[in-house]
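So you can see what is in the structure, the chains are spelled out below.
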Amino acid sequence: MSTTIDAENAKQIRSSMEVYCGISAEDMSASVTLEVIDDGSIALMDTNADDSLKVSSWDIVPVTDLTGGGFMLDAGVEFADLSHVGSDAGKYGVQSYTGNDLYIYVNASISSVSLNVRGNGTVRVGGVGGETYPLQEQLVVVVPAGTRTSLEFLNSEPDSRMIVSTIVPGIVLNFNNDNLISVVLDLAGDLSLQDPSFEASSIEINAYYPNDISTIISTIAENSALWYYAGYDGNYCEMRRFYVTETASQDGNIINLRGEDASGAFSDVEAVSHVVWGDNVVGGYETYTYIKSLLNEAGISLRHSQSWAKQTRPSSGNIAIIQQQSAQTFLGHVMLCCRTPDPSVYAPTYVDAGIPTLYHKRTASDGTYKSPYQLRVWEIREEDCAEVVRGGERYINAVKNETSGEPIICRVAPKETGDKTVLEEVNTNAGGMYNRTVQEYCTRLYVSKAKKIYVADADRISWVAQATGVSKIYGYPVAIYPVKTTDKYSGSRPGVTIKVSPSIIGGVKSTSANVNNDLTSNYMRFNGSNITGSFTWKGDPRMQPRDTFKFIRLNGTTEVATIERIEMTHEAGGTSAVIYYRLGVM
Amino acid sequence: MPYFNTITIDGETYYRPNGFTPAREYVYAGEYVTCTGKTIADVVGWKYSDIALTWDALPQDQIDNLLALNGEAVTMTWTDADGATASETVIPSTHSLTATRFMNGTNPVWRDIQTELRFLNVHND
């Protein structure tokens, strides 16, 4: 019987959701040598089974992608050729006759080895008297490292075969409803109006695994891949990927795995100072490109990325300067401030939660402005929710700079007149590489006697010196014109004054034919909704933070809201979620 | 061939208890009560409901076996009215019996026996 997440969620009592998750901690640096013993018990096997039981030997070759993603510049890429006949590695594995045993010798450089095997019976390591494991499809066995050891697959069922498909070093475990105790996901986000930050999401898996591999799994490397998806046969959410953060453990027969999404890498990434264009579309484009460079530096590969044709700077105009700060602070601030009031024009957004997604504008559809990668605007009925909580924050009426006396809104203009200013003198040795952060933000940063200048941006310059002696760093310090010391809400209502540290200096509202973009706008602080809330609901594994939804209240009215955070729990076969939201479209 | 007169618990045979027709119930998870009082849950499967096995009388050898069940999980099998044999993991708990026995010649017989039983398996077919 096939059903869908939507069909089940419409019911009051729905079928138990299928949850699949696991860990892929194959140790790529380890090696394993295999010998398959054919004493007449083998019915079918790949040619050179010794090799083809390793997935790395399978004829998996990246196929060129001419649809827009381009293809990699290494020689390992092929055009899809449907008539190409590869080897049969991976086709049969090693299969015994019905009722027969299988014998494979393994010599692994590490002591944990993952087997993918089907059949009934046990696996015995090291011959008579050795450790015996009851057979299950995904099995981790412990072998003495560096020693040729026998794996005996002892068949207990006269009518079925033993089929071994892969043997790899390391730990590969797949879990499903049959052995999962609980999977708890915290898909995080921060929609606060004062000082939002970017939060990484996390997953915790508890699964039943009857063999004691507690020593082995504590060796699982940090950042090994965890994967998860849930739904119903034929209708699952997109696979979410997380990376191990804490040492895996096994207590009794229960394995505990914890991980964070790729954004966990932001804790090691700084948003460095950078000049972007300040006005209209180009400013938006360059800020979007800067966000992409942050993601690159964190090593995040985007699953979904909204493209944008390159925008070129006009000959004159204002600039804006992104100040040096943590990547999380920058992302939180840019998503709140650096956008147009109409999010279908410009609203750069990065969402992770296991599916790294980047887009620069929302889809305008019936006023709900859904993310372009959201399946549709979700609908949640209050009558299906428990513990419905609603809160109101005090309005923000004025914003000031945290550093008293400093302006909150500035205009920054390049001031490239007259001679360049000497900013600093540096004693250099020929061939040495130097980094400097100068005292002022500049355009046209330059250093004399440089063999090559790698970076010259805002207040940062990096170069390789040509000669030994004194090098001079030059530039045109930008003109920073204070515009407002206090940015005030235009209307009249009771509210508070907040103090923030601006992430970006510059970028005053400028209208153009295309877009009205203000890189330092407090528009959302003044006009974003002050109403937040949360509720317990049955859960939909496809929902992401920052998705919009229609909240159908008990009195029949419909509100549009943005999801801030989803805490989803799969436990004892059931699924439920706590959803935190802010009213309106963020 | 189905046997309607007896059930087995942990391999030992007993006379069929009085009115022995185990009921089934759904097992729910992720259950919560909404703000309108509605119960929302995921149905995981079904299991047999807890049952009290009662006998008017049992012979000595069956009582000995029954009292030896000390609360560990054992397998119970019986034949349903439709001829299908069911086999479930159960945990026997409280036993209660009338503290008299009736000697039918040389065959001791115990009266008014009751054993509480909990079914463990949840089925999702």
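Rules used in this analysis
Residues numbered from 1 in each chain as written. Chains lettered and ligands numbered in written order. Predicted model: local features only at pLDDT ≥ 70, side-chain atom pairs only at ≥ 80, totals over all residues. Heavy atoms only, no water. Pairing = 2+ DSSP bridges. Helix = DSSP H or I, 4+ residues; strand = E, 2+ residues; numbered from the N terminus. Axes fitted to C-alpha atoms, helices over the stretch in contact; angles between N-to-C directions. Contact = heavy atoms within 4.5 Å. Phe/Tyr/Trp six-rings, centres within 6.5 Å; stacked < 30°, edge-to-face > 60°. Buried < 20%, exposed > 50% of the residue type's maximum accessible area, 1.4 Å probe, protein only. Lys NZ or Arg CZ within 6 Å of the ring centre and 35° of its normal. Buried area = accessible area lost by both parts, 1.4 Å probe. Salt bridge = Lys/Arg side-chain N within 4 Å of Asp/Glu carboxyl O. Polar contact = N/O pair within 3.5 Å; in protein donor to acceptor, adjacent residues only side chain to side chain.

Asks: Where do I start with the sheet that holds strand 1 (residues 13–15) of chain A in this structure?
Replies: The strands that make up a sheet pair up through hydrogen bonds in the backbone, lying either parallel or antiparallel. Overall, mixed pairing links the three strands, which are arranged 1(A)-4(B)-3(B) in an open sheet. A single partner strand is all that each edge strand has here, and the edge strands are strand 1 of chain A together with strand 3 (24–33) of chain B. Strand-to-strand twist of the sheet, defined as the mean angle between neighbouring strand axes without regard to direction, takes the value 40°. When strand 1 of chain A meets strand 4 (residues 39–48) of chain B, the two strands line up parallel, connected through three bridges. Bridge assignment links A:S15 to a residue of strand 4 of chain B, and that residue is B:V43.

Asks: Got a minute to help me understand the environment of B:Y26 in this structure?
Replies: Residues and elements named next belong to chain B. Within the secondary structure, Y26 is located in strand 3. Taking C-alpha positions, Y26 is 9.7 Å from N124, a pair spaced 98 residues apart along the chain. With residues near it in sequence (within four places) discarded, Y26 still touches V43, G45 and W46.

Asks: What should I look at first to understand the packing of aromatic side chains in this one?
Replies: Two numbers describe a pair of aromatic rings. These are the distance of the centres and the angle of the planes. Counted by the stated rule, this structure contains 28 aromatic pairs over all chains. With a centroid separation of 4.9 Å and 15° between ring planes, the pair formed by A:F535 and A:F551 is classed as stacked. Of this pair, A:F535 sits in strand 41 (residues 531–537) while A:F551 sits in strand 42 (residues 548–552), and the two are 16 residues apart along the sequence. The burial state of A:F535 is the same as that of A:F551; both residues are buried. Note on B:Y26 and B:Y28: the rings are 6.2 Å apart at their centroids and 50° apart in plane angle, and the pair reads as tilted. A relative accessible area of 56% places B:Y26 in the exposed class. Directly above the aromatic system of A:Y454 lies the positively charged group of A:K452, at a separation of 5.3 Å from the ring centroid.

Asks: How should I be thinking about the interface of chain B and chain A in this particular structure?
Replies: Accessible area lost upon the coming together of the parts is a frequently used measure of interface size. Taken together, the 15 residues of chain B in the interface contact 21 residues of chain A. Each partner contributes to the roughly 1,400 Å² buried at the junction of chain B and chain A, and carbon and sulfur atoms together form 58% of this total. When the area that chain B buries against chain A is broken down by residue, the three leading residues are B:Y32, B:C35 and B:D42, summing to 38%. Here chain B is connected to chain A by two salt bridges. Between A:R14 and B:D42 there is a salt bridge whose closest N-O contact spans 2.5 Å. Put simply, chain B and chain A have eleven residue pairs in polar contact (both at pLDDT 80 or more) between them. Mapped by element, the contributors of at least two residues to the side of chain B that touches chain A are strand 3 and strand 4 of chain B. If one sorts the elements of the side of chain B that touches chain A by residue count, strand 4 of chain B sits on top with six residues.

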